[in-house]
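# Breakdown of the fold
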Amino acid sequence: MDTCTVAPLVGGLALVGGIAGVAAKAADESGWRWAADLGSYPAAWVLVVALLGWLSPTGVAAVLRSAVFFAAMSVAYYAWAAVVLDFGWNGRLLTAWLFLSATAVPATALAVWWAGRRSGILPGALLAGAAAIVLAGHGTGVQLVVDVAVALVLVVLLPRHRSTRAWAIVLVLPMAWLAGYALDVLDTVLS
């Protein structure tokens, strides 16, 4: 891709990420629990990052696209809270989410990009890991249905090889236990 095609794509992803961040904060404050859960639990964000990775033509594109989207989403979320809702700036949490935008998010997109194109246990484990993050969110009600649907997309639809799909399905529940532990640690750090 040349610069003439990359810049508009990156700008578009930043715009879409910004809109998603505003929508997530609006959902948080809507008073509807199911809407707040969709914006707060990891299912929607893991699905978007996974799809950005899976649809990318290269690993570098997966990294760039996911990082730009997620950083823009994080900034918009906290900017909406501070400027529109007058909650004040939460620089500590914004910094944490921007750090994740530069590390875990692109790593996840790259893992899905790589794993979706290969066969075997390692690609299956990587896709199971993405699904495990979703299942470790402990959603209930509508969110539980969304969590299960997203996990199924990640382990059944994204693998292009049968062996990868089989390993992803076998490994998803044990990895969900590990991801639950990791999310608990992250929650402790961010609290």
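Please read these numbers as outputs of a predicted model, since none were measured by experiment.

Cut-offs and rules
- Residues numbered from 1 in each chain as written.
- Predicted model: local features only at pLDDT ≥ 70, side-chain atom pairs only at ≥ 80, totals over all residues.
- Heavy atoms only, no water.
- Phe/Tyr/Trp six-rings, centres within 6.5 Å; stacked < 30°, edge-to-face > 60°.
- Helix = DSSP H or I, 4+ residues; strand = E, 2+ residues; numbered from the N terminus.
- Buried < 20%, exposed > 50% of the residue type's maximum accessible area, 1.4 Å probe, protein only.
- Expected span 1.5 Å × (residues − 1).
- Contact = heavy atoms within 4.5 Å.
- pLDDT = per-residue confidence, 0-100.
- Polar contact = N/O pair within 3.5 Å; in protein donor to acceptor, adjacent residues only side chain to side chain.
- Axes fitted to C-alpha atoms, helices over the stretch in contact; angles between N-to-C directions.
- Parallel < 35°, antiparallel > 145°, perpendicular 65-115°, else oblique.
- Left-handed = near helix turned anticlockwise from the far one by under 90°.
- Nonpolar A, V, L, I, M, F, W, Y, C, P; charged D, E, K, R; others polar.

### Considerations on the packing of aromatic side chains
Centre-to-centre distance and the angle between the planes together describe a pair of aromatic rings. In the structure shown here, the tally under the stated rule is three aromatic pairs. Taken together, a centroid distance of 6.3 Å and an interplanar angle of 50 degrees make the contact between F70 and W97 tilted. Of this pair, F70 sits in helix α4 (residues 59-84) while W97 sits in helix α5 (residues 91-102), and the two are 27 residues apart along the sequence. Pairing Y77 with Y78 gives two aromatic rings, centres 4.9 Å apart and planes at 75 degrees, and the pair type is edge-to-face. In this pair, the class of Y77 matches that of Y78, namely buried.

### A short note on helix α6 (residues 104-115)
Look at α6: 16 Å from first C-alpha to last across twelve residues, which is about the 16 Å you get at 1.5 Å a residue. By the burial criterion, the buried members of α6 are V105, P106, A109, A111, V112, W113 and A115. Where α6 is buried, its residues touch α3 (43-55), α4, α5, α7 (121-135) and α9 (162-190).

### Some words on the confidence of the model for the chain
A residue-level look at the chain finds 97% of positions with pLDDT of 70 or above and a mean pLDDT of 92. Confidence, expressed as mean pLDDT per element, reaches its minimum in the chain at helix α1 (residues 3-28) with 85 and its maximum at α6 with 97.

### Remarks on the side chain of S66
Along the chain, S66 turns up in helix α4. A distance of 3.2 Å separates a polar side-chain atom of S66 from the backbone oxygen of V63. Residues in contact with S66, not counting those within four places in the same chain, are V49, L52, V105, P106 and A109.

### A few points about the packing of α3 against α4
Here α3 crosses α4 at 150 degrees, and the two axes come no closer than 8 Å. When the axis of α3 is compared with that of α4, the two are roughly antiparallel. Where α3 crosses over α4, the handedness of that crossing is right-handed. Each of W45, V48, V49, L52, G53 and L55 in α3 lies in contact with α4, whose residues at this interface are A62, R65, S66, F69, F70 and M73. Residue composition of the contact of α3 with α4, grouped by class: nine nonpolar, two polar and one charged.

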